[in-house]
Amino acid sequence: MSYIKKPKVIHPQSPRNELGLTVRDYEGGMSTLCAGCGHDSVTGAIVQAAFELNIPPHRFVKMSGIGCSSKTPAYFMSQSHGFNAVHGRMPSVATGANAANAELTFIGVSGDGDTLSIGLGQFCHAIRRNLNMLYIIENNGVYGLTKGQFSASADIGSTAKKGEVNQQTPIDPCRTAISMGAAFVARSFSGDRDQLVPLLKAGIAHNGFSVIDIISPCVTFNDHEGSTKSYEFTREHYHPVIQTDYVPPTQEIKVKYDEGAAMPIVLHDGSQIVLRKVDAEYDPTDRAKVYSYLEHCQVAGEIVTGLLYFDETRPEMHELSNLSDTPLTAIAFDELCPGRATLQKLQEVYR
Ligand SMILES: Cc1ncc(C[n+]2csc(CCOP(=O)(O)OP(=O)(O)O)c2C)c(N)n1
Ligand code: SF4
Ligand SMILES: [Mg+2]
């Protein structure tokens, strides 16, 4: 109920992070989504991840497009910067904002419609530029906001609420991202917070474009028998292939993992992600094998989850395009505007 103001009462004994903040300090306004919508669980996981990362809310930028999913940034981190862009155009607005200030932490929340239909070109180019942001797709297989039409992620044979059968080939955001050269590609489920929170933390810490495709059921239009994005279908076909632990820079990895079964990877800020293989054969750094494994599993109707592909070597946008790391707001005016005489001299060169 949007007209009810969310009460903010903090229990004196609520756990506090290193900044002295509680989880409530990372929350946003009251959700107006349908009760039980998967997107609200993702919001809860984002709040928890940001709290545990000890980043102040005002250092985050939350971006979105249009859709029920794109409304969710209103429900977390009221103190952060935010921009609700036009349908499918969030990546270009995020690119501009990130170019202007790389010191902030960027989270984009999109939907399967927003990303895979109208915004597919924008999504691909943000990957190509390796824009430093966490890009979340709250994937429910439908356009929830406009009353449940099939989206481009709907599986062949999946039925709509009134019985219509989808005949069109789905676009898999993970395989699309891998084929475009994305360096951090994960899939999860809104109903698996234990898996989701470490993935969100790792995605935020990763220096470059991180995609997390989160199956997030739409209880109003796509949670019936015959849907392949329902809670029941997802739970039945759920296949975690890799478990991810996020270890902050200040903490040592205490547990000894068996070689071959675990891979600790150090990120640019000194934090680590420890990947524990559920399937010993799975190698999240072998791009071609990951791609064909995902294709095989999609045909078999399995929902493979975890950090599916990772490459820590790709430079991010600022490095690739030789952009300044200094935020635009910190650059003196006369540096930005060299003045009439300098500009005239420059024009002479082209006469
Ligand atoms: C340019 C434009 N075209 C179409 C629409 C109508 N529209 C609004 S939201 C939406 C799809 C949302 O689907 P998705 O991104 O999957 O989000 P969900 O609501 O399912 O979370 C569409 C087609 C629009 N707002 N703007
Ligand atoms: S219509 Fe679907 S996606 Fe939108 S809020 Fe309701 S349950 Fe969530
Ligand atoms: Mg959708």
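Every value quoted in this text rests on a predicted model; they were computed, and no experiment measured them.

Peer 1: How do you make sense of the sheet that holds strand 11 (residues 262-266) when you look at a structure like this?
Peer 2: Think of a sheet as strands paired side by side through backbone hydrogen bonds, with each pair either parallel or antiparallel. Strands sit in the order 10-12-11 across an open sheet of three strands; the sheet is antiparallel. Either end of the sheet is taken by a strand with one partner, and the two such strands are strand 10 (242-247) and strand 11. Within this sheet the neighbouring strands show an average axis-to-axis angle of 20°, counted without direction. Most of the contacts of helix 7 (residues 193-205) go to strand 10, to which it runs at about 60°, and overall it touches strand 10 and strand 12 (272-277).

Peer 1: Hey, could you run me through the coordination of the magnesium ion (ligand 3) in this one?
Peer 2: Perfect tetrahedral coordination of a metal by four donors corresponds to 109.5 degrees between them, and perfect octahedral coordination by six donors corresponds to 90 or 180 degrees. The magnesium ion (ligand 3) binds to the protein through Asp112 (OD), Asn140 (OD1) and Val142 (O), with metal-donor distances spanning 2.1 to 2.2 Å. In the primary structure, the donors to the magnesium ion (ligand 3) are separated according to the pattern D-x27-N-x1-V. Taken together, the residues Asp112 in helix 4 (residues 112-116) and Val142 in strand 5 (residues 142-143) connect sequence positions 30 residues apart. Overall, Val142 belongs to the buried group, its relative accessible area being 4%.

Peer 1: Explain the sheet that holds strand 8 (residues 209-215) here, please?
Peer 2: If you trace the eight strands from one edge of the open sheet to the other, you get 2-1-3-4-8-7-13-9, paired in mixed fashion. The two strands at the open ends of the sheet, each matched to only one other strand, are strand 2 (81-84) and strand 9 (238-240). For this sheet, the mean inter-axis angle between neighbouring strands, taken without regard to orientation, is 20°. Sheet topology places strand 1 (residues 60-64) next to strand 2; four bridges connect them, and they run parallel.

Peer 1: Even after reading the chapter, I still don't get the site of ligand 2, so can you show me in this structure?
Peer 2: Every residue near ligand 2 is listed here: Leu33, Cys34, Cys37, His39, Cys68, Asn140, Gly144, Cys218, Val219, Thr220 and Phe221. The residue makeup of the shell around ligand 2, split by class, is seven nonpolar, four polar and no charged.

Here is what the cut-offs are and how they apply
Each chain has its residues counted from 1, following the order in which its sequence is written. Written order determines the labels here, with chains lettered from A and ligands numbered from 1. Local features are withheld for residues below a pLDDT of 70 in this predicted model, meaning they are given only at 70 or higher, and side-chain atom pairs are given and counted only at 80 or more; totals for whole chains, interfaces and linings count all residues. No hydrogens and no water enter the side-chain calculation; it runs on all heavy atoms of the structure. Any two strands with at least two DSSP-identified bridges between them are counted as paired. What counts as a helix is a DSSP run of H or I of at least four residues, what counts as a strand is a run of E of at least two, and both are numbered from the N terminus. Note on geometry: axes are C-alpha line fits, over the in-contact stretch for helices, and angles between N-to-C directions span 0 to 180 degrees. Residues count as neighbours in contact if any of their non-hydrogen atoms are within 4.5 Å of one another. Coordination shells were defined by N, O and S atoms within 2.8 Å of each metal, extended to 3.2 Å for Na, K and Ca; water is absent from the atom set, which can make sites look incomplete. Each residue is assigned to one of three classes by its accessible area relative to the maximum for its type, calculated with a 1.4 Å probe on protein chains only: buried under 20%, partly exposed between the two thresholds, exposed over 50%. Here, proximity means that at least one heavy atom of the residue falls within 4 Å of the molecule or strand. Polarity classes work like this: nonpolar for Ala, Val, Leu, Ile, Met, Phe, Trp, Tyr, Cys and Pro, charged for Asp, Glu, Lys and Arg, and polar for all others, with Gly in that last group.

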